[in-house]
Amino acid sequence: MLTKFETKSNRVKGLSFHSKRPWILASLHSGVIQLWDYRMGTLIDRFDEHDGPVRGVHFHKSQPLFVSGGDDYQIKVWNYKEHRCLFTLLGHLDYIRTVQFHHECPWIVSASDDQTIRLWNWQSRTCIAVITGHNHYVMCASFHPKEDLVVSASLDQTIRVWDIGALRKRTVSPAEGLSQMNNDLFGSIDVVVKYVLEGHDRGVNWASFHPTLPLLVSGADDRQVKLWRMNETKAWEVDTLRGHMNNVSCVMFHAKQDIIVSNSEDKSIRVWDVTKRTGIQTFRREHDRFWILAAHPEMNLLAAGHDSGMIVFKLERERPAFAVSGDSLFYCRDRFLRFYEISTQRDSQVIPIRRPGSTSLNQSPRSLSYSPTETAVLICSDVDGGSYELYVIPKDSIGKGDSMLEAKRGLGTSAIFIARNRFAVLDKSNNQVLVKNLKNEVVKKSGLPIPTDAIFYAGTGNLLCWSEDRVVIFDLQQRLLLGDLQTPFVKYVVWSNDMETVALLSKHAIIIASKKLVHQCTLHETIRIKSGAWDENGVFIYTTLNHIKYCLPNGDSGIIRTLDVPIYMTKVSGDTIFCLDRDGKNRAIIIDATEYIFKLSLFRKRYDHVMSMIRNSQLCGQAMIAYLQQKGFPEVALHFVKDERTRFNLALESGNIQIAVASAKVIDEKDHWYRLGVESLRQGNAGIVEYAYQRTKNFERLSFLYLITGNIEKLSKMLKIAEVKNDVMGQFHNALYLGDVQERVKILENAGHLPLAYITASVHGLQDVAERLAAELGDNVPSLPVGKVHSLLMPPKPVICGGDWSLLRVMKGIFEGGLDNVGRGDVDEEEEGADGDWGEDLDMVDADGLQNGDVSAILEDGEEAEGNEEEGGWDLEDLDLPPEADTPRVSVNSRSSVFVAPTPGMPVSQIWTQRSSLAAEHAAAGNFDTAMRLLSRQLGIRNFAPMKSLFVDLHTGSHTYLRASSSAPVVSLAVERGWNESASPNVRGPPVLVFNFSQLEEKLRAGYKATTGGKFREAMQLFRSILHTIPLIVVETRREVDEVKELIVIVREYVLGLKMEIARKEIKDNPVRQQELASYFTHCNLQMPHLRLALLNAMTVCYKARNLATAANFARRLLETNPTNENQARSARQVLQASERNMTDATQLNYDFRNPFVVCGATHVPIYRGQKDVSCPYCSTRFVPSQEGQLCAVCDLAVVGADASGLLCSPYQIR
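These remarks concern the structure in this document. A quick note: this is a predicted structure, and the numbers were derived from the prediction, not measured.

1. Digging into the overall build of the chain
Broken down by element type, the chain carries 32 helices and 61 strands. For the chain, long-range pairs separated by at least 24 residues make up 49% of all intrachain contacts whose partners lie at least 6 apart in sequence.

2. Considerations on the nonpolar core
Core analysis: the biggest nonpolar cluster contains 85 residues, and Leu935, Phe1023, Ile1030, Tyr1178 and Cys1195 have the highest contact counts within it. Contact partners of Leu935, with chain neighbours within four places excluded, come to Ala919, Gly940, Ile941, Phe944, Met947, Phe951, Pro1031 and Leu1032. Counting residues in hydrophobic clusters, the runner-up holds 58 residues, among them Val225, Phe283, Ile292 and Val312.

3. Quick word on the packing of aromatic side chains
Tallied over the entire structure, the rule returns 30 aromatic pairs. For the ring pair Phe59 and Tyr80, a centre distance of 5.7 Å and an interplane angle of 85° mean the geometry is edge-to-face. Of this pair, Phe59 sits in strand 6 (residues 54-59) while Tyr80 sits in the loop between strand 8 (74-79) and strand 9 (84-90); the two residues are 21 residues apart in sequence, bridging distant segments of the chain. Ring centres of Phe101 and Trp122 lie 6.0 Å apart, and the angle between their planes is 85°; on these two criteria the pair is classed as edge-to-face. Of the two residues, Phe101 sits in strand 10 (residues 96-101) while Trp122 sits in the loop between strand 12 (116-121) and strand 13 (126-132), which places them 21 residues apart along the sequence. A relative accessible area of 13% places Trp122 in the buried class. Here a set of aromatic residues connected by ring pairs shows up, and it is made of Trp23, Phe47, Phe59, Phe66, Trp78 and Tyr80.

4. Points about the sheet that holds strand 17 (residues 192-198)
An order of 14-15-16-17 is seen for the four strands of this open sheet, with the pairing classed as antiparallel. Each having just a single partner strand, strand 14 (138-143) and strand 17 make up the two edges of the open sheet. Neighbour-to-neighbour, the strand axes of the sheet open up by a mean angle of 20°, direction not taken into account. Examined bridge by bridge, strand 14 and strand 15 (residues 149-154) share five bridges and lie antiparallel to one another. Note on strand 15: the bridge partner recorded for Cys140 is Ala153.

5. As for the side chain of Asn437
Of note, Asn437 is situated in strand 39 (residues 432-437). Among the residues examined, Asn437 registers a relative accessible area of 12% and is labelled buried. Of note is the side chain of Asn437, whose polar atom sits 3.0 Å from the backbone nitrogen of Glu441. In contact with Asn437, not counting residues within four places along its chain, are Leu390, Asn421, Arg422, Phe423 and Val443.

6. A word on the pattern of salt bridges
Per the stated rule, a full pass over the model turns up 43 salt bridges. Between Glu921 and Arg977 there is a salt bridge; the shortest N-O distance is 3.0 Å. Residue Glu921 is located in helix 22 (residues 919-924), and its partner Arg977 is located in the loop between strand 57 (970-974) and helix 25 (997-1012); the two are separated by 56 residues in the primary sequence. The exposure class of Glu921 is buried, given its relative accessible area of 6%. Arg977 gets classed as partly exposed once you look at its relative accessible area, which sits at 24%. Two residues, Glu1066 and Arg1017, come together in a salt bridge whose shortest N-O distance is 2.7 Å.

7. Here we look at the side chain of Gln1187
Take Gln1187: it is sitting in the loop between strand 61 (1182-1183) and helix 32 (1211-1214). Classification of Gln1187 by relative accessible area gives buried; the value is 17%. Not counting residues within four places of it along the chain, the set of residues in contact with Gln1187 comprises Ala1162, Thr1163 and Val1200.

8. Some words on a nonpolar patch on the surface
On the surface, a cluster of nonpolar side chains totalling about 260 Å² of accessible area is made up of Leu681, Phe704 and Ile708. Residue placement: Leu681 occurs in helix 9 (residues 670-683). For Leu681, a relative accessible area of 37% gives the class partly exposed.

9. Remarks on the sheet that holds strand 55 (residues 586-590)
Two pairing modes exist for strands in a sheet, parallel and antiparallel, and in both the strands are linked by backbone hydrogen bonds. Across the sheet, which stays open at both edges, the three strands sit in the order 53-54-55 with antiparallel pairing between neighbours. Strand pairing shows two members of the sheet lacking a second neighbour, strand 53 (568-573) and strand 55, which therefore form its edges. With strand direction ignored, the average angle separating the axes of adjacent strands in the sheet is 25°. The pairing of strand 53 with strand 54 (residues 576-580) spans five bridges and is antiparallel. The residue bridging Lys571 from the neighbouring strand is Phe578, located in strand 54.

10. Quick notes on helix 28 (residues 1071-1081)
Where burial is concerned, most of helix 28 is hidden: nine out of the 11 residues are buried. Along helix 28, the residues classified as buried are Arg1073, Gln1074, Gln1075, Glu1076, Leu1077, Ala1078, Ser1079, Tyr1080 and Phe1081. At its buried positions, helix 28 is contacted by helix 27 (1038-1066), helix 29 (1088-1104), helix 30 (1108-1120), strand 58 (1157-1159) and strand 59 (1166-1168).

11. Some thoughts on the pairing of strand 55
Pairing analysis gives five bridges linking strand 54 to strand 55, with the strands arranged antiparallel. Across the sheet, Leu580 pairs through a bridge with Asn586, a residue of strand 55.

12. Digging into the pairing of strand 10
Most of strand 10 is tucked away: six of the six residues are buried. Where strand 10 lies against strand 11 (residues 107-112), five bridges are found, and the strand directions are antiparallel. Its bridge partner being in strand 11, Gln100 is matched across the sheet by Val109. Hairpin connection between strand 10 and strand 11: a loop of five residues separates the two successive antiparallel strands.

13. Thoughts on helix 25
For helix 25, which comprises 16 residues, the first-to-last C-alpha distance of 23 Å matches the rise-based estimate of 22 Å (1.5 Å per residue) to within 8%. Three or more residues of helix 25 are buried, namely Phe997, Leu1000, Leu1004, Gly1007, Tyr1008, Ala1010 and Thr1011. End-on, the buried residues of helix 25 take up no more than an arc of 165°, which puts them together on one face. Pointing more than 90 degrees away from the buried face of helix 25 are the exposed residues Glu1002, Arg1005 and Lys1009. On its buried face, helix 25 is in contact with helix 26 (1016-1029), helix 27 and helix 29.

Parameters and conventions
- Residues numbered from 1 in each chain as written.
- Predicted model: local features only at pLDDT ≥ 70, side-chain atom pairs only at ≥ 80, totals over all residues.
- Heavy atoms only, no water.
- Helix = DSSP H or I, 4+ residues; strand = E, 2+ residues; numbered from the N terminus.
- Contact = heavy atoms within 4.5 Å.
- Core = buried A, V, L, I, M, F, W, Y, C linked by side-chain atoms within 4.5 Å.
- Buried < 20%, exposed > 50% of the residue type's maximum accessible area, 1.4 Å probe, protein only.
- Phe/Tyr/Trp six-rings, centres within 6.5 Å; stacked < 30°, edge-to-face > 60°.
- Pairing = 2+ DSSP bridges.
- Axes fitted to C-alpha atoms, helices over the stretch in contact; angles between N-to-C directions.
- Polar contact = N/O pair within 3.5 Å; in protein donor to acceptor, adjacent residues only side chain to side chain.
- Salt bridge = Lys/Arg side-chain N within 4 Å of Asp/Glu carboxyl O.
- Patch = residues over 30% accessible without salt bridge, like charges linked within 9 Å, V, L, I, M, F, W, Y side chains within 5 Å.
- Areas by Shrake-Rupley, 256 points an atom, 1.4 Å probe, with all protein chains shown as cover.
- Expected span 1.5 Å × (residues − 1).
- Arc of directions from axis to C-beta.

Listed below in structure tokens is the structure:
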């Protein structure tokens, strides 16, 4: 049995395969119906409207429907696309055992414990026949796959076959007139019993028809499976199959083989040979009884439901054994070795191979090895626990198919040719290889370097040996290990044509390695990998259950096409894939290789091929664009895109301002113009920035642009525009940018801000204006601050005035130069270069002859409006700052040295955050948000205020800052941990961190010292700062991780103890609480000197309060520590002596030293063993349950009781 899929669930009582999709329905004893994808192994849907067990379920052949019947007496018809029950059929009076759709008519047959079988029309939603005759529960009923028959099995020990031909005729052409009236009056007999089959001694649980032959099979509580034959007039028992040890629950014929499959409550599935009527194979489960079987209507799949779920399985492997050599393919089919010539597609039979009399399953050939020079074939199978057959075929008989050859046989789990006339056989029991000649004689024995489960060819004289978790290449001559690689379970090995590269195929992964097993890439698949072959370009083409895919040498993969049924690839030649299907038939499939050849050319930097493919191929799709972006070729992606928004985004990414402007013009949205302005500003292209701001009428940004480029003339025009638009703030800003003091005073005066106007005039030395304003203000003249030197508010001079930035001189790459002409032929160079300068002004005249960069026309409009004030007022709505004009053009002359903006690399901070799950490294990268999210998820931290300064220190400490010149911005450079001069410039190390573990150890020692000296507040501050820093520490080894966790525990105990001691000192009027806190302090896990001091302190406090018994306990504990200080020991002995005279306590304390406890971190009360508590996810301090959801009082960071995954402080933990 080859198990393909298994589920764990409640008892499965009903199963049904979908005819086309890889789905199976399972109805459970719990009342739920599950819909599974057995290929992906996922639960797609669940339906749970039945009340009680659902015993029957069935998919419709073509409609998106299924039917179910349960113990609630209801039949429900469901639409799985709409995820709902369409309607319910009511009529049965007891449990419903099975339901089934008819393959043609809109009928459902149902069997029930009410001793009836009912036929329903699911379109009219009515019962069309009630079939009675059984006198006990009807356990199953099903339609014949072709004829108008129904078979039913009952606990009355009979099987009945019913003829529904009359019902079918009446449905197709309903009777008219008298016959219809007779039917209505006397009742029609649409269904008649054809045969009653008696032979079982107990109740019959199941009966089913053979798909093509006039046979029936049944299974019953008498533990027997019976085979029946029928003809037109009668039916009779043919044979009985015995072997089950308990009730047979289900039995059916296999659709493609002459076998019967049955299952039983004896926890077994049995396979029987129909012709010989003997058992072939038995599959057992330990604890689960089997209840139901289902067969796939088209594929070689079976399913069985049992007490704790179900299994989907095949009885035999369907993969044909084959070997390819050059143009020749040898393969096994239908007990014959066959030969297929790939170039001519000629197929012929060579020799019969299967030994007669082998009845058990899985005896077909498993692998085939071929020696072309000797035309010898080795066929391996699982017969006798693993054996091989060697055939040496006369060269002239290939293709004739009339020869009979005697095979040379031997035992061995794997056998392969390793040279022209030598083959190797694996002797697994002794872990050795036997090298044999063509006479099947051993010529050499060789031990293997690893415990080997299988051997594969690895070149002449070499073996590829596979064990559970690794493969090695072993040279048999020199007995040397040539290569070693860790791999998952390897099923197949495919060598490239030049034997330089090998693909190791496992169930869900492909590992590509060199001939010395140096790993190149690994590819993972969710669906099972079936086969693979190399094409002429060194691309590995492989198939899964439902796709043909490719894998490039760098590990990139993609889908070539979808498959209806699985295939086994034999060879790839150009754009044709040659393969075998599951029936062993040769097929040739044409594929489109354009996509992977394009990607391969990019990978190998064959840009001439890329260029020609762009020009001539129909490459498109979002996936291709995303791939080019990911690989750093947005400028190539541009040439596949028609959508203007995508073009715009790609153009910005590749720094191609020209295309971005063209796309922005088509889109014409404010957001796109704004983004274009930002990118142009980044490139220092002032002309385009100006154009973009003009298009969006963004006057503020435009003014600021003129300020930083020193364009005073246009800035003064902007002032006039603000005046025309009556934009007071805009006027003031422009006046400020221009340094025009008189204008500023005038604006302030007009706006009614006379005191501000007065101060501005007097500070800037405009005495006459200041005097006039002072006269207007009268007594309200503002006084200027005394003793301060006034500094004039004047705009700074720009470093570079006007024009665009000076640009790098870069030669165009192949893509920039070669692709600009794609699709529009070659443009004459001179013509193209004619208006190629990116001028300072956009001197492009629009339809009205107005220059784009000039704003004087607007002013004239404004002046006209001023003149016509009485007629129409200010008509500002019609004011258009820049008229519609052509997009500014940029030179694209490929021969001249033109600037191409270099594609920006990924910032180091981004690399750090992408590679790391450590909060410290995210903080060092400046990505505080993700650092906080990580700490929240890992440690439950919510209060980040104490960590703010640490975050800032980490970020600034991981960068160094350079200033190139006074006018240039500061350049920040990332500092990497473990950097050295030999490191690759392209590989980024993790960031340098300013905090390390040794610093915390120093703080811990300082905390101990402060505690010893009685400086409790200072000590607590030190210990708390350690707790705040630990989440941002990174260590390298497992031992250091353990030390960090240990440090948290140490510091937590000190913080808790010191908090209680500080609280005790603040209490003046509650001696009982003072004693309790002193007592609890002694139960913190402190260093021995500090524990002695705490015990001495508690003893003193309790003795003074006349709690002598408690004081004696502390004295005893103090003496047990063997104090080195004689004064401490003397005091303890004296207290013990005094207390023994009167061992009583004056007051009752909430303290029982005999009962183990921990102290609540917030309320400082004991939580005794067995009482409920909650803990801090970071420092693990325990709290009473009422504190859940509050901030931890010890670490001051995490929320008590929050979910957290745990401290991550080392890359080792992530690995």
